[in-house]
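Residue-level structural notes
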Amino acid sequence: MKKINNMKNFLQKYWINALGIGFLFTALLYFLKLAVDNDWVPLELRLSLSTLLGLSGLFFGFKFIKRERSILGQVLAGVGTAVLYATIAFISFSDEMQWSNGSLLIVMIALGITISGASIRHNQRILFALSVLGGLITPFIIQATQGMDIPLFIYVLVINLGAIYASIAKGWKENIGMAFFMTIALFASYYFFFESAGWVRPFFYITVFFVIFLIAFVINSLKNKDRHDPIDLLFAAFNGVNYIFWSQYVLGDFKLSYTIPFSIVGFFFLALAIFFYTKSKGRAVVEFCTYLVLSLVTLGIVGNDLSLLYDEGGMNYVIVAAVWLLLISVVFYVGKKMKDLQVFVFSLVAFLGLVIYWFFNAWAVDWISIFGIKYIPFLNPGALIWIGLIILGFLFAIDFRSGASDPHGKPKPNNAALVAVISHILIGGLLTVQIMNLWSAYSMDGLNQNLTLSLCWFIYALIIFLWNKYTEHKFFKILGATVLIVSTMKVVIWDLDGESSMEKIIFLLILGGITLLIGKLQGKRTINTHVSKENEALAD
């Protein structure tokens, strides 16, 4: 008989035979279960017969394989292996005869290595698939008793590792598919069957399976190099969704927060997105975008759920803003690296939306005492979010100015100026509010509030002129001059009104120093501009 090792061809040609064999194997499992329940056959004889049947299947299966009757041989050997798995399951799960966890692990590893090695070495794909299928069907019929979840976990884990290895080493992806979905079904059925006394074990089990399957799907994707397989990405996404669902369900049963597993999945996906992008040097766009979107959605949910847990003092607004600030920064970085203007613009729109959100909610955020200090300017939750927004705004402006996100590298100075103005306005507001809060938090009778605010605005004007020196955009020269003139008028009209004092003298000296520094910056810029024009004229 001609060898057929393509699973698709095998199922197309022999699916009726495979269905019949499946019914026969299931009937055997039910017979063993019924024999156990009714005590028809002594325990030792039951084990001896099932072991003999499994070994016979393996023996005659390999005999037929050697005689070039590959299909029949693989089917017999696969069913024999499944019977051996059923025997091990019975010995491990039943009340009559419970192996120790160490014994179960040793036997399962020995059988798994033997079957995996023989199947992979001799390219017996059907044999291996049937052994995996039979091994994972068994716990549905020969059920583990209450309290036998650890042996069941070891049993399923070893079969899964074998299926994953075959999938990676030989590309037999039907095995990892069967293992993945049947493991989910097993976990679901046993979670409801067992009365769990705590959340630790079920959460540990689902976490282990999430990690090993995610690693397997990632390795399979890396093997494809520049060619992405949508099946691996689909499995990885479903794996994450399944983990999130069961984590929420398990922890919810015990009134625990499920934001931790959500965070694990989100950062796991984010790390994978970065890994694929750097590993492929930007070529694995599909994998990168898939994992990035999954991480953004998951972490967005985390931020929203965390905000529901910490709603005192406006911390819910801080958490939501911080999470979305992080996500928007990631999307901005992606758009910049990929030179994708649409992704970049999307992150900019999200940034503007976050600025509006924070403007309306920042006022509800309370201060947090740090080392017993009631209030420290710029080191409180509200101020830190503003600082993050300001930095991100300037990064947008720098990117527009350099054209880094444009596919053609074309600078957009006007767009850069518009975004930078938003950040500068935020700086002015932040300086004003943070300084005014000092008088709300403490008794500041020895310091003049108006003079202090004027000093802050002169510093604000200096920042604008520094940005003007960097960008050489005339708008910031006008904006800086406006802030400087308005601040000067405030000092002359309001701040100097009244009696003279040493405090006013010191403030005037500081304001004079800042003003001279601004003048020096503008003088250098004017000289440089004049020299450039002269050089251009000489060149003409």
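Computed from a predicted model, the values in this text were never measured in an experiment.

Turning to the overall build of the protein chain, a few remarks are in order. In terms of regular secondary structure, the protein chain is built from 18 helices and zero strands. By sequence separation, contacts in the protein chain at least 24 residues apart represent 72% of the contacts at least 6 residues apart. Summed over its atoms, the accessible surface of the protein chain is roughly 27,800 Å², and 69% of this surface lies on carbon and sulfur atoms.

Here we come to the nonpolar core. Grouped together as the largest cluster of nonpolar side chains are 81 residues, with contacts concentrated most on Leu136, Phe213, Trp246, Tyr291 and Leu292. With residues up to four places along the chain from it excluded, the contact list for leucine 292 reads Leu270, Ala273, Val330 and Val334. Judged by nonpolar contacts, the second largest core, of 57 residues, contains Val365, Leu430, Leu451 and Leu521.

This part is about a nonpolar patch on the surface. On the surface, Ile485, Met489, Val492, Ile493 and Trp494 cluster together to form a nonpolar patch covering roughly 570 Å² of accessible area. Counting through the fold element by element, tryptophan 494 comes out in helix H17 (residues 474-495). Note on tryptophan 494: relative accessible area 59%, which makes it exposed.

Let us look at empty space enclosed by the protein. Using the criterion set out here, one finds two cavities of 30 Å³ or more in the structure. Size it by volume and the largest cavity reaches roughly 70 Å³. Around the largest cavity, the lining residues are Phe180, Thr183, Ile184, Phe187, Ile206, Phe209, Phe210, Phe213, Asn239, Asn242 and Tyr243. Across the lining of the largest cavity, the residue classes break down as eight nonpolar, three polar and no charged.

So, on to the packing of aromatic side chains. Across all of its chains, the model carries 27 aromatic pairs by this definition. An angle of 55° between the planes, with centres 5.8 Å apart, marks the rings of phenylalanine 180 and phenylalanine 235 as tilted. In this pair, phenylalanine 180 sits in helix H7 (residues 173-193) while phenylalanine 235 sits in helix H9 (residues 230-253), placing the two residues 55 residues apart along the sequence. The rings of Phe180, Phe181, Phe213, Phe217, Phe235 and Phe238 are connected pair by pair, giving a single aromatic cluster.

Glancing now at the environment of tryptophan 324. With respect to the helices, strands and loops of the structure, tryptophan 324 is situated in helix H12 (residues 315-338). A C-alpha to C-alpha distance of 7.6 Å links tryptophan 324 and leucine 354, two positions 30 residues apart in sequence. Apart from the residues lying within four places of it in its own chain, the contact partners of tryptophan 324 are Gly300 and Leu354.

Two elements in contact, helix H8 (residues 200-223) and helix H10 (residues 259-279), have axes separated by 12 Å at closest approach and are oriented at 15°. By the angle between their axes, H8 is roughly parallel relative to H10. Viewed along their axes, H8 and H10 form a crossing whose handedness is right-handed. The residues of H10 that touch H8, namely those facing Phe203, Phe210, Val211, Leu214, Val218, Ser221 and Leu222, are Pro261, Val265, Phe268, Phe269, Leu272, Phe275, Phe276 and Lys279. Along the lines of polarity and charge, the residues of the contact of H8 with H10 split into 13 nonpolar, one polar and one charged.

With their axes 10 Å apart at the nearest point, helix H6 (residues 149-170) and H8 run at an angle of 5° to one another. As far as their axial angle goes, H8 and H6 are roughly parallel. Residues Asp149, Ile150, Phe153, Val156, Leu157, Asn160, Leu161, Ile164, Ser167, Ile168 and Ala169 of H6 pack against Arg201, Phe204, Tyr205, Val208, Phe209, Ile212, Phe213, Ala216, Ile219, Asn220 and Lys223 of H8. Residues that form the contact of H6 with H8 fall into these classes: 16 nonpolar, three polar and three charged.

Summing up the model confidence of the protein chain, the mean pLDDT is 76 and the portion of residues at 70 or higher is 76%. Mean pLDDT in the protein chain bottoms out at helix H1 (residues 7-38), which sits at 63, and peaks at helix H14 (residues 381-402), which reaches 88.

By secondary structure assignment, the location of valine 365 is in the loop between helix H13 (341-361) and H14. Taking C-alpha positions, valine 365 is 7.5 Å from valine 318, a pair spaced 47 residues apart along the chain. The contacts of valine 365, once residues within four sequence positions are left out, are Gly313, Gly314, Val318, Trp358, Pro381 and Gly382.

Taking 1.5 Å of rise per residue, 22 residues should cover 32 Å, and H6 covers 31 Å from first to last C-alpha, within 8% of that figure. Burial of H6 is extensive: 17 of the 22 residues sit out of reach of the surface. Within two residues after H6, glycine 171 carries a phi angle of roughly 75°, on the positive side.

Another point: unusual backbone geometry. Positive phi is not limited to glycine here, since phenylalanine 378 has a value of about 70°. Mapped onto the elements of the fold, phenylalanine 378 is located in the loop between H13 and H14.

Moving on, we come to the environment of methionine 108. Residue position: methionine 108 is located in helix H4 (residues 101-121). Exposure remark for methionine 108: the relative accessible area of 0% places this residue in the buried category. Sequence separation of methionine 108 and tyrosine 155 is 47 residues, and the distance between their C-alpha atoms is 6.8 Å. The residues contacting methionine 108, other than those within four sequence positions of it, are Tyr85, Ile88, Tyr155, Val158 and Ile159.

About the thresholds
- Residues numbered from 1 in each chain as written.
- Predicted model: local features only at pLDDT ≥ 70, side-chain atom pairs only at ≥ 80, totals over all residues.
- Heavy atoms only, no water.
- Helix = DSSP H or I, 4+ residues; strand = E, 2+ residues; numbered from the N terminus.
- Contact = heavy atoms within 4.5 Å.
- Areas by Shrake-Rupley, 256 points an atom, 1.4 Å probe, with all protein chains shown as cover.
- Core = buried A, V, L, I, M, F, W, Y, C linked by side-chain atoms within 4.5 Å.
- Buried < 20%, exposed > 50% of the residue type's maximum accessible area, 1.4 Å probe, protein only.
- Patch = residues over 30% accessible without salt bridge, like charges linked within 9 Å, V, L, I, M, F, W, Y side chains within 5 Å.
- Salt bridge = Lys/Arg side-chain N within 4 Å of Asp/Glu carboxyl O.
- 1 Å grid on protein atoms, 1.4 Å probe; cavity = no way out; pocket = protein on both sides within 12 Å on 5 of 7 lines; lining within 4 Å.
- Points joined across faces, edges and corners; volume = space filled by probe spheres on them.
- Nonpolar A, V, L, I, M, F, W, Y, C, P; charged D, E, K, R; others polar.
- Phe/Tyr/Trp six-rings, centres within 6.5 Å; stacked < 30°, edge-to-face > 60°.
- Axes fitted to C-alpha atoms, helices over the stretch in contact; angles between N-to-C directions.
- Parallel < 35°, antiparallel > 145°, perpendicular 65-115°, else oblique.
- Left-handed = near helix turned anticlockwise from the far one by under 90°.
- pLDDT = per-residue confidence, 0-100.
- Expected span 1.5 Å × (residues − 1).

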